[in-house]
Amino acid sequence: YVNLFAVIPAALGALNFPKFMKSLSQKDNKKGLLEIFKVYFIEIILYLILIGVGTFFIMPKLIEIFLPAHINGVQYVQIVFYGLVIFTLTDPISYIINAKLHYKQLLSIYIIALAVSIVSYSFLYFNKLGSLVNYSYVNVIFYVTMSMGYVLYFVRKGSKDFVYK
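Residues numbered from 1 in each chain as written. Predicted model: local features only at pLDDT ≥ 70, side-chain atom pairs only at ≥ 80, totals over all residues. Heavy atoms only, no water.

So, the overall build of the protein chain
Here is step 1 of the chain: Secondary structure assignment for the protein chain yields 6 helices and 0 strands.
Here is step 2 of the chain: Counting helices and strands in the order they occur from the N terminus, the protein chain gives α-α-α-α-α-α.
Here is step 3 of the chain: The buried share of the protein chain, taken over its 165 residues, is 39%.
Here is step 4 of the chain: Considering only contacts within the protein chain whose residues lie at least 6 apart along the sequence, 75% involve residues at least 24 apart.
Here is step 5 of the chain: Of the roughly 10,300 Å² that the protein chain leaves accessible, carbon and sulfur atoms contribute 71%.
Here is step 6 of the chain: A distance of 8 Å separates the average location of the 14 positive side-chain charges in the protein chain from that of its 6 negative side-chain charges. (Helix = DSSP H or I, 4+ residues; strand = E, 2+ residues; numbered from the N terminus. Buried < 20%, exposed > 50% of the residue type's maximum accessible area, 1.4 Å probe, protein only. Contact = heavy atoms within 4.5 Å. Areas by Shrake-Rupley, 256 points an atom, 1.4 Å probe, with all protein chains shown as cover. Lys, Arg positive; Asp, Glu negative; His and termini not counted. Charge placed at Lys NZ, Arg CZ, Asp CG, Glu CD.)

Printed below as a string of structure tokens:
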């Protein structure tokens, strides 16, 4: 589900990344960059609405018809959906960080999110709280931690200076 979910945002990102780069390289192109982000966010929000309808209304019916033995797994996918939405909405910040060649920071954010996930899994395991529902929530924690890392780094660097320098 995660890979299927990510196909459209990745394609939209690949289409918009060259525009981000061009806009970032031009001085005093604040309006152009904001327009690119505006269009990109509209595309992402429309996609999230469609995938949300699919995840909560269409997918359960299809699973029930074609894979009835797996209907119990639908709730886990629906839990992970929330983390993926948050991550998808903050993903454009990763494009800016990437465009500015701040790879160490991207890697650090990922490592911190991974560490938080490992600690969460360990906590569940050692306290005998392991269940598919709880493990699904750990996936949400991973995506939220990644998103928070992007936002905090972006804000810390000063979004205006970071984007327009």
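Let's talk about the environment of lysine 157
Here is step 1 of the chain: Locating lysine 157 in the fold gives a position in helix H5 (residues 132-157).
Here is step 2 of the chain: Judged by relative accessible area, lysine 157 falls into the partly exposed class, the value being 33%.
Here is step 3 of the chain: Sequence separation of lysine 157 and valine 138 is 19 residues, and the distance between their C-alpha atoms is 28 Å.

What to know about the packing of helix H3 (residues 74-99) against H5
Here is step 1 of the chain: Relative to each other, H3 and H5 sit at 15 degrees, their axes nearing to 8 Å. Between H3 and H5, the interaxial angle falls into the category roughly parallel. H5 is crossed by H3, and the crossing has left-handed handedness.
Here is step 2 of the chain: Of the residues belonging to the contact of H3 with H5, the class tally is 20 nonpolar, 7 polar and 1 charged. (Axes fitted to C-alpha atoms, helices over the stretch in contact; angles between N-to-C directions. Parallel < 35°, antiparallel > 145°, perpendicular 65-115°, else oblique. Left-handed = near helix turned anticlockwise from the far one by under 90°. Nonpolar A, V, L, I, M, F, W, Y, C, P; charged D, E, K, R; others polar.)

Comments concerning the packing of aromatic side chains
Here is step 1 of the chain: Per the stated rule, a full pass over the model turns up 16 aromatic pairs.
Here is step 2 of the chain: Between the aromatic rings of phenylalanine 5 and tyrosine 47, the centroid separation amounts to 5.8 Å while the plane-to-plane angle is 70 degrees, which identifies the pairing as edge-to-face. Taken together, the positions of phenylalanine 5 in helix H1 (residues 2-25) and tyrosine 47 in helix H2 (residues 30-66) put the pair 42 residues apart, joining distant regions of the chain.
Here is step 3 of the chain: Residue classification places tyrosine 47 among the buried residues on the basis of a relative accessible area of 10%.
Here is step 4 of the chain: On the basis of an interplanar angle of 75 degrees and a centroid distance of 5.2 Å, the ring pair of tyrosine 125 and phenylalanine 126 is categorised as edge-to-face.
Here is step 5 of the chain: The class of tyrosine 125 is exposed, set by a relative accessible area of 56%.
Here is step 6 of the chain: Judged by its relative accessible area of 62%, phenylalanine 126 is exposed.
Here is step 7 of the chain: Every member of this aromatic cluster is reached through a ring pair, and the members are Tyr1, Phe5, Tyr47, Phe56, Phe81 and Tyr82. (Phe/Tyr/Trp six-rings, centres within 6.5 Å; stacked < 30°, edge-to-face > 60°.)

Some points on the environment of phenylalanine 123
Here is step 1 of the chain: You can see phenylalanine 123 is positioned in helix H4 (residues 103-126).
Here is step 2 of the chain: Overall, the relative accessible area of 49% leaves phenylalanine 123 in the partly exposed class.
Here is step 3 of the chain: Through-space distance from the C-alpha of phenylalanine 123 to that of lysine 31 is 47 Å; in sequence the pair is 92 residues apart.

Looking at the environment of leucine 24
Here is step 1 of the chain: Considering the arrangement of structural elements, one finds leucine 24 in helix H1.
Here is step 2 of the chain: Sequence spacing of leucine 24 and tyrosine 47 is 23 residues, and the spatial spacing of their C-alpha atoms is 25 Å.

As for the nonpolar core
Here is step 1 of the chain: Ranked by internal contacts, the top residues of the largest apolar core, which has 31 residues, are Phe5, Phe20, Leu48, Met146 and Tyr150.
Here is step 2 of the chain: Elements represented by at least two residues in this core include exactly H1, H2, H3, H4 and H5.
Here is step 3 of the chain: Per-element accounting of this core gives the leading share, 10 residues, to H3.
Here is step 4 of the chain: Excluding its chain neighbours within four sequence positions, the residues that come into contact with phenylalanine 20 are Leu33, Ile36, Phe37, Tyr40 and Tyr95. (Core = buried A, V, L, I, M, F, W, Y, C linked by side-chain atoms within 4.5 Å.)

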